[in-house]
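# Fold and contact review
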Amino acid sequence: CAALKAGKTCPKGHDPSLIEWKCEYCCSLAAWFCWGTTHMCDPCHENQARREVTCLGAGRCPWAGKHPKNGSKEAFCLGCSLCRHAVST
């Protein structure tokens, strides 16, 4: 589990599989964890010639631009999906 490997857990004790990550190449939510090191969204996973996409900044980035530079290969944990969706509803 990528969350356990990175030492990330939900403070409410939800299952580690509910931890979400940002794609390392763009500002999308990652759906894939490949090679034991890389979180990717569907489009970046499908694109073999993937290149990082420049973040659109605080006003247009879903994470308000508060994440490592796209393409930096630094994983960015978004937290527990169950907790995040409970807060947004």
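No experiment lies behind these values; they were computed from the predicted model shown.

Parameters at a glance
- Residues numbered from 1 in each chain as written.
- Predicted model: local features only at pLDDT ≥ 70, side-chain atom pairs only at ≥ 80, totals over all residues.
- Heavy atoms only, no water.
- Phe/Tyr/Trp six-rings, centres within 6.5 Å; stacked < 30°, edge-to-face > 60°.
- Lys NZ or Arg CZ within 6 Å of the ring centre and 35° of its normal.
- Helix = DSSP H or I, 4+ residues; strand = E, 2+ residues; numbered from the N terminus.
- Buried < 20%, exposed > 50% of the residue type's maximum accessible area, 1.4 Å probe, protein only.
- Lys, Arg positive; Asp, Glu negative; His and termini not counted.
- Salt bridge = Lys/Arg side-chain N within 4 Å of Asp/Glu carboxyl O.
- Disulfide = S-S within 2.5 Å.
- Core = buried A, V, L, I, M, F, W, Y, C linked by side-chain atoms within 4.5 Å.
- Contact = heavy atoms within 4.5 Å.

## Some remarks on the packing of aromatic side chains
For the structure shown, the criterion picks out zero aromatic pairs. When the ring centre of tyrosine 25 is taken as reference, the NZ or CZ atom of arginine 50 above it lies at 5.6 Å.

## Some words on the side chain of lysine 22
Looking at the element boundaries, lysine 22 is found in the loop between strand E1 (19-21) and strand E2 (32-34). The charged side chain of lysine 22 is buried without a salt bridge, its nearest counter-charge being glutamate 24 at 8.1 Å.

## A look at the state of the cysteines
Within this structure, the stated rule accounts for zero disulfides. Of the cysteine sulfurs around cysteine 61, a residue in no disulfide, the closest is that of cysteine 55, at 3.8 Å.

## Things to note about the nonpolar core
Across soluble globular proteins, you tend to see nonpolar side chains buried next to one another. Formed by Cys23, Tyr25, Cys26, Cys34, Met40, Cys41 and Cys44, the largest nonpolar core amounts to seven residues. Discounting residues that sit within four places of it in the chain, cysteine 26 has contacts with Cys41, Cys44, Val53 and Asn70. One finds Cys10, Trp21, Cys80 and Cys83 within the second-largest nonpolar core, a separate group that totals six residues.

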